[in-house]
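What follows is the residue order along each chain.
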Amino acid sequence: YSAEEFSRIAKKHDIAVKALCGKLIVPNWPKFTQRLNECFFACCEDHPDQEILTVGVCTTDSQQYARDESALPDSPSAASCASEYSPARTPKECLKSFPTGGIIRPVLYCTAVEMLGLDEVHKKVLENWRKLSGCDAVPPEAAELGKKLDRRHSDLARSMAYRLRSIHRFPDGADIDDAIQLMFESHEREVNVAGVAAVASSFANSGVCPMTNERVFKDQTIRYALSLMYSCGMDQRSGMWAYNLGIPGKNSNLGAGMAVVPGVLGVCVHCPSAEFGERSAEETIRKYGTSEESYSLSRKGLDFFYHMEESFNFHLFKRHDPVLRASDRHVDPTLYYGSVKHELTNQLIMACASKDIYTVQYLLQLGVDPNVVDYDNRTA
């Protein structure tokens, strides 16, 4: 590129400048994606005969990662070494699409909070989804099977709406049938994990789309939405999710899950029941009835989130724990790999040089090795 072309690109996409200056939110992207691959293949090994796993990750600097299990080679050693597979992501056009389902509800909520009137919400919710994902068009309509499977919960949604109206928590003058119709029309859109991960990263970025730098929602609106996602976004699993993973999440009754690590990234996992799409809608509904667990995120999909929690210190109440920050197990992807250890080693050396015995004792209790050398081969 010429200087003028590069300047124009850099002004439009600040990721180029951040990459050159080493200021990306995940500076060591190869190491980070290697760990993501390890999480992905660990799930594939643990559940080889279960559902197809698809994963998408997008950071607040629009760094993207995507994996589709169906695109992996059929070999016995396929899951044995994550580093064997290149590139580290599956092309977007090869990712499997699925209905939005409940994944779109945080966007629907934010749109409703910032607007008045059902008609305005109906017009804007899909447009806001398009802006959050950085796409050029709104998601297309889902297949008929996805529509029927989602609408099997219409009785539950309707009863909840009448309950809200009975306690004066439903908007005055709003028609319940129109509200239910709006919800299901929002649920019946085809998306993939890359698009949902981009939306999640916009939530992690306080309502600003990382791809376009366009603000879609206010900071306060995003805080409200993330609070709801943290407390009840995963339906029946919300308590264990908050306890074990400690990040906002949203479950879909059609087999997808979305998680937000505020200020860092968004994640989407799609892993429905193996029978999804193999039976007719009538047979599937007859078998599963109105169970909320019918097509919610499977055990295999949940395991990916748990593997991520074991690999990275994403838990909101663990991120500032100095012991975990110094461990190899819970890596902080926002730092270069090993930089925390170097920082603690330098602190130990400086404490020894200044004869600060209390700091030395504290750092040794954290597990800092006094025999580790710094950049100049000095030890404590």
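Heads up: these notes are all about the structure in this document. Per chain, residues are indexed from 1 in the order of the written sequence. In keeping with the predicted nature of the model, local features appear solely for residues at pLDDT of at least 70, side-chain atom pairs appear and are counted solely at 80 or more, and the whole-chain, interface and lining totals rest on all residues. Side-chain descriptors were evaluated using all non-hydrogen atoms of the structure, hydrogens and water having been removed beforehand.

## Brief notes about the sheet that holds strand β1 (residues 54-59)
Pairing is antiparallel across the open sheet formed by five strands, whose spatial order is β2-β1-β7-β6-β5. Each edge of the open sheet is held by one strand with a lone partner, namely β2 (64-68) and β5 (249-251). Neighbour-to-neighbour, the strand axes of this sheet turn through a mean angle of 10 degrees, independent of strand direction. In what follows, a contact means two residues having at least one pair of non-hydrogen atoms within 4.5 Å. Angles shown run from 0 to 180 degrees and are taken between the N-to-C directions of axes, each axis being a line fitted to C-alpha atoms and, for helices, limited to the stretch in contact. The helix and strand labels rest on DSSP assignments: H or I over at least four residues marks a helix, E over at least two residues marks a strand, and numbering proceeds from the N terminus. Where helix α3 (residues 29-46) meets the sheet, it contacts β1, β2 and β7 (265-270), and its direction lies at approximately 25 degrees from that of β2. Think of it this way: DSSP has to see at least two bridges between two strands before they count as a pair.

## Quick look at the layout of surface pockets
The volume enclosed by the second largest pocket comes to roughly 250 Å³. Secondary-structure elements contributing two or more residues to the lining of the second largest pocket are α5 (118-133), β4 (190-191) and α9 (193-204). When residues in the lining of the second largest pocket are grouped by element, the largest group, three residues, is from α9. Here a cavity denotes a set of grid points, spaced 1 Å apart and computed over the protein atoms alone, in which a 1.4 Å probe fits but from which it cannot get out, and a pocket denotes an open set meeting protein on both sides within 12 Å along at least five of seven lines; residues with an atom within 4 Å of a point are reported as lining. Grid points are joined across faces, edges and corners, and a volume is the space filled by probe spheres set on the points.

## What to know about the state of the cysteines
The disulfide criterion used throughout: a pair of cysteine sulfur atoms within 2.5 Å. The full count for this structure, using the stated rule, is zero disulfides. Unpaired in terms of disulfides, Cys-39 finds its nearest cysteine sulfur in Cys-43, a separation of 7.1 Å. The closest cysteine sulfur to the non-disulfide-bonded Cys-43 is located on Cys-44, 6.8 Å from its own sulfur. Partly exposed describes any residue whose relative accessible area lies between the buried limit of under 20% and the exposed limit of over 50%, with all areas from a 1.4 Å probe on protein chains only and scaled to the type maximum. Residue Cys-43 is classed as buried on the basis of its relative accessible area, which comes to 0%.

So far we have only geometry, and geometry alone does not tell us how the molecule works.
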